[in-house]
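Structural overview
Residues per chain, in single letters:
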Amino acid sequence: MLFYAVRRILYAIPILFGVILLTFTLFYVINTPDTLAVKELQKAANPETIRQWKIQKGFCVYTDEGFRKKMEIEAGRAAPGTEITEEDIRPVSKPILFLHYSVDLLTFNFGRDRDDRPVSAVLLDGMGPSLKMMVPAFCLSEMISIVLALFCALYRGTVIDRAFVVLAVFLMSFNSVALILFFQKFLAADWRYFPISGYESGLSGYVYLALPILIYTALSMGAGIRFNRILMLDEINQDYVRTARAKGLGENTVLFRHVLRNALIPLITRWAVSIPFLYLGSLLLETFFGIPGLGGITVEAIQNADLSTMRAVVFLGALLFILANVAADILYGIVDPRVQVG
Amino acid sequence: MPWREVWRILRKDTPAMISLTVIVMCVVLAVLVHFGILARDVSETHRLRRIEIGEPSVFLLIMQEERLVCPFALDSWIWLLSNSLALESAEMHGMIGLRRGRDWSYHPPTVLIQLQEHGISGLLRREAWAYPLGTNLDGQNVLSILLHGLRWAFIIGVVTSLIAIPIAVVVGALGGYFGGIVDDIVVWVYSTFASVPQLLLLTALLTFMDKNMMNVLLVIGVTTWVDLCRLVRAEFFKHKEREYVLAARSLGQTHTRIIFRHILPNVGHIIIITFTIRFVQAVSLEVFLSYVGIGVDPSLATWGQVISAAKDELARQPSVWWPLAGATVFLFVLSLAFSIVGDSLRDALDPKLRM
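What counts and what doesn't
- Residues numbered from 1 in each chain as written.
- Chains lettered and ligands numbered in written order.
- Predicted model: local features only at pLDDT ≥ 70, side-chain atom pairs only at ≥ 80, totals over all residues.
- Helix = DSSP H or I, 4+ residues; strand = E, 2+ residues; numbered from the N terminus.
- Buried ≥ 20, exposed ≤ 12 C-beta atoms within 10 Å, placed from the backbone.
- Contact = placed C-beta atoms within 7 Å.
- Rg over C-alpha atoms; globule rule 2.2 N^0.38 Å.
- Domains from an automatic or database assignment.
- Axes fitted to C-alpha atoms, helices over the stretch in contact; angles between N-to-C directions.
- Parallel < 35°, antiparallel > 145°, perpendicular 65-115°, else oblique.
- Left-handed = near helix turned anticlockwise from the far one by under 90°.
- Nonpolar A, V, L, I, M, F, W, Y, C, P; charged D, E, K, R; others polar.
- Expected span 1.5 Å × (residues − 1).
- Bend = angle between axes of the 7 residues up to and from the residue.
- Core = buried A, V, L, I, M, F, W, Y, C linked by C-beta atoms within 7 Å.
- pLDDT = per-residue confidence, 0-100.

Looking at the overall build of chain B
On a plain count of helices and strands, chain B comes out with 16 helices and 3 strands. The burial tally for chain B puts 45% of its 355 residues in the buried class. Counting only contacts in chain B whose residues sit at least 6 apart along the sequence, the fraction spanning at least 24 positions is 70%.

What follows is the structure, encoded as structure tokens:
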């Protein structure tokens, strides 16, 4: 078991390296520092600010001459008219940039965002609201979809089963952006069952979170029903079910005692893999409902082309995904020892 | 898999046949739009037509119980001006209100019915039927915009597949067929791609790129090949041990030939099933990207742009809900049709393959 776990963890390391390489390529190789700077600085972009930005983000460093000039200017000893120009800075070579980038990410040193706040603090602040919304939403949608899937399995092949399958396909075909817009418009703005947007800490904040949680459930239930139903049906066709029936157990006992228990194994895997998406919240729901969570922060960073926040969010998302997968595999290995051999 | 057999199974499957018909009709519509036969008035606006007449814009707003329910851009304003007395009394009774400026140059799809309730018809009838789904805030014909959106949806679905499927097939085939170190590299590459949550990967790429359709297509294409790659690799893994591959090998055929001529036709059904899922996925991704503001140029009439414009259209009073409703229905019908066809194809071709 220990061997299996260690092997699984070691296996994640090249993937983590791959993720760092991939995101480095995304941010630093495809784009030139100047285009990144112009995008992020927007209207404030001019040669001076771009130069400062490139130094702050580590794309460029001062040359010896440039550094001396800078120190002189800061100390007020420089000759009048001395200015730092393009010749006083030089670009950092790609391998060294990659090294800095990897070290920064692995030590969670994400730098400062567009408004000069430390990115890690901003993200930590956003974690609470995201989890506060996503954990109940996720639990609710999973619970409903598992119950409905069991229902389908119990009445498999009948009208009830088919009705839920049709419902699932219908729910999956709705466009999420459009559905959120309509729900917000009618349930919140027009009929006033829910507040339109806002956030409050503590339990009273759930007044604001009720509608997003409801929408999340509606949006994810379709896929949930489908996935869980297939899971249950797969289990029902297994030999142990036939054995259980053969020894005279009732259909309900078979379903709830045997099928549900065995279906828990793939379910746990699915839940573990969902963790990064819980952390991220729903990008769209948080923006629509003004919840100050990670999803909202991410969308804001996208709209502002905020390099530091973007790379932090992408890296953290990937890191969590990798960790969750390792955890899921180890869990799987514990509950199903056959996996360890493969 | 014999295709005639698949067709025989599909023909008995009524929902699948209906969905297939819907898709074919959508393709025909998209082609007609592409060649400029349908929906040519997409960039035409009410304002432009009024300028042709050479008079300032006059708009008729129909009021019902104090609330503005039906703002209507009146093309035949002459009728109004020639009946200034009727106009004044109508305004005094709160039945109509006059506005100037482009803010009111739209009308909802139900305009004809509401006009008849108020006893106004005739001249207006012709214009109302010209816009079955109403017009948007800029006075554009919503039906035309949505039909153009349909054309874009097919371009997005097909072009991104043309980018992603070859990558997935080649990479997956290499890994599954050769195994060993090649396979290790392939698994490493796709695991890396799969580790970054898809929306983040997509936005990370697009945030710093220019807003145009080419970039959106390219980025959706290069970020959505992993699922198919995984399936193709697994299938090649199974097939390379089969007798027919051994036979081909012992006949001295090249690896390229075995991969593309012998194994690929046997795993081709996976590509087709995946295409139906990918198509809907790519169109939804475009909507997401447009909404977040890093999608295509706002002047393009994609469904994503219609939906992201709806945020402002819904927030105002009275709200302009019909472009969003139209886009939602179009998207819903197309997604539903594709997923039904996809499911039926999967059942017919390979019942074990479930996603």
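Structural notes on the overall build of chain A
Helix and strand content of chain A: 14 helices and 2 strands. For 342 residues, the compact-globule formula gives about 20 Å, and the C-alpha radius of gyration of chain A, at 26 Å, lies well above that figure. With respect to the principal axes defined by its C-alpha atoms, chain A has extents near 95 × 60 × 35 Å. A buried classification covers 34% of the 342 residues belonging to chain A. Within chain A, contacts between residues at least 6 apart in sequence are counted, and of these 68% link residues at least 24 apart.

Considering the domain arrangement of chain A
Per the domain assignment, the segments making up chain A are domain 1 (31-90) and domain 2 (123-341). For domain 1 of chain A and domain 2 of chain A, the distance between their C-alpha centres works out to 47 Å.

Section: the packing of helix α2 (residues 14-34) of chain B against helix α16 (residues 322-349) of chain B
All names here are of chain B. With their axes 8 Å apart at the nearest point, α2 and α16 run at an angle of 130° to one another. In terms of axis orientation, α2 runs oblique to α16. Here the hand of the crossing between α2 and α16 comes out left-handed. Residues Pro15, Ala16, Ser19, Leu20, Val22, Ile23 and Cys26 of α2 pack against Val333, Leu334, Ala337, Phe338, Ile340, Val341 and Ser344 of α16.

Details of the interface of chain B and chain A
Counting from both sides, the interface comprises 35 residues of chain B and, opposite them, 37 residues of chain A. For the side of chain B that touches chain A, the element with the highest residue contribution is α16(B), accounting for 9 residues. Classifying every residue of the side of chain B that touches chain A gives 22 nonpolar, 11 polar and 2 charged.

Observations regarding the packing of helix α7 (residues 159-173) of chain A against helix α9 (residues 206-236) of chain A
Residue and element names in this part refer to chain A. At a minimum axis distance of 8 Å, the contact between α7 and α9 shows a crossing angle of 135°. Considering their axes alone, α7 and α9 lie oblique with respect to each other. Seen along the crossing, α7 lies across α9 with a hand that is left-handed. Residues Phe164, Ala168, Val169, Leu171 and Met172 of α7 touch α9, and the partners they reach there are Ala218, Met221, Gly222, Ala223, Ile225 and Arg226. Residues belonging to the contact of α7 with α9 are distributed by class as follows: 9 nonpolar, 1 polar and 1 charged.

What about the environment of B:Leu201?
All names here are of chain B. Checked against the element boundaries, leucine 201 lands in helix α10 (residues 198-207). Residues leucine 201 and glutamate 286 lie 85 residues apart in sequence; the distance between their C-alpha atoms is 14 Å. Setting aside anything within four residues of it in sequence, one finds leucine 201 in contact with Val196 and Thr223.

Here's the deal with helix α9 (residues 180-195) of chain B
Taking 1.5 Å per residue, 16 residues should reach 22 Å; α9(B) reaches 22 Å between its end C-alpha atoms and fits that length. The set of residues buried in α9(B) consists of B:Val186, B:Tyr190, B:Thr192, B:Phe193 and B:Ser195. At its buried positions, α9(B) is contacted by α1 (2-29) and α14 (307-335) of chain A together with α8 (142-178) and α12 (226-239) of chain B.

Details of α9(A)
Structural remark: α-helix, 3.6 residues per turn; residues separated by three or four positions point the same way. For α9(A), which comprises 31 residues, the first-to-last C-alpha distance of 39 Å sits more than 12% below the rise-based estimate of 45 Å (1.5 Å per residue). Residue A:Met221 marks the point of greatest curvature in α9(A), where the axis turns by about 40°.

As for the nonpolar core
Judged by nonpolar contacts, the single largest core of 142 residues is most densely connected at A:Val177, B:Leu146, B:Ala168, B:Leu202, B:Val232 and B:Ile307. For this core, the leading source of residues is α8(B), giving 18 residues. Among all residues touching A:Val177, those that are not within four sequence positions of it are A:Leu284, B:Val287, B:Phe288, B:Tyr291 and B:Ile307. Counting residues in each nonpolar core, the second largest holds 13 residues, with A:Ile146, A:Ala168, A:Met232 and A:Leu255 among its members.

Observations regarding the environment of A:Val241
Residues and elements named next belong to chain A. As for its placement among the helices and strands, valine 241 is situated in helix α10 (residues 239-246). The sequence separation of valine 241 and glutamate 251 amounts to 10 residues, and the corresponding C-alpha distance is 9.8 Å. Residues in contact with valine 241, not counting those within four places in the same chain, are Glu235, Ile236, Val254, His258 and Val259.

Quick look at the environment of B:Ile263
Residue and element names in this part refer to chain B. Structurally, isoleucine 263 is set in helix α14 (residues 255-292). For isoleucine 263, a count of 23 C-beta atoms within 10 Å gives the class buried. Separated by 19 residues in the primary sequence, isoleucine 263 and tyrosine 244 have C-alpha atoms spaced 9.0 Å apart. Ignoring sequence-local partners within four residues, the contact set of isoleucine 263 consists of Phe236, His239, Val245 and Ile258.

Things to note about unusual backbone geometry
Residue and element names in this part refer to chain A. The backbone of aspartate 116 sits at a positive phi, close to 65°, despite the residue not being glycine. For aspartate 116, the position within the fold is in the loop between α5 (94-106) and α6 (119-154). Backbone geometry places arginine 192, a non-glycine residue, at a positive phi of 60°. Looking at where arginine 192 falls in the secondary structure, it is placed in the loop between α8 (176-190) and α9.

A word on the confidence of the model for chain B
Residue and element names in this part refer to chain B. For chain B, per-residue confidence averages 77 on the pLDDT scale, and 72% of positions sit at 70 or higher. Segment residues 46-84: pLDDT under 50, and 74 contacts once partners within four positions in sequence are set aside and those in other chains are kept. Residue range residues 111-126 is modelled with pLDDT below 50. Its contacts to residues more than four positions away, or to other chains, number 20 contacts.

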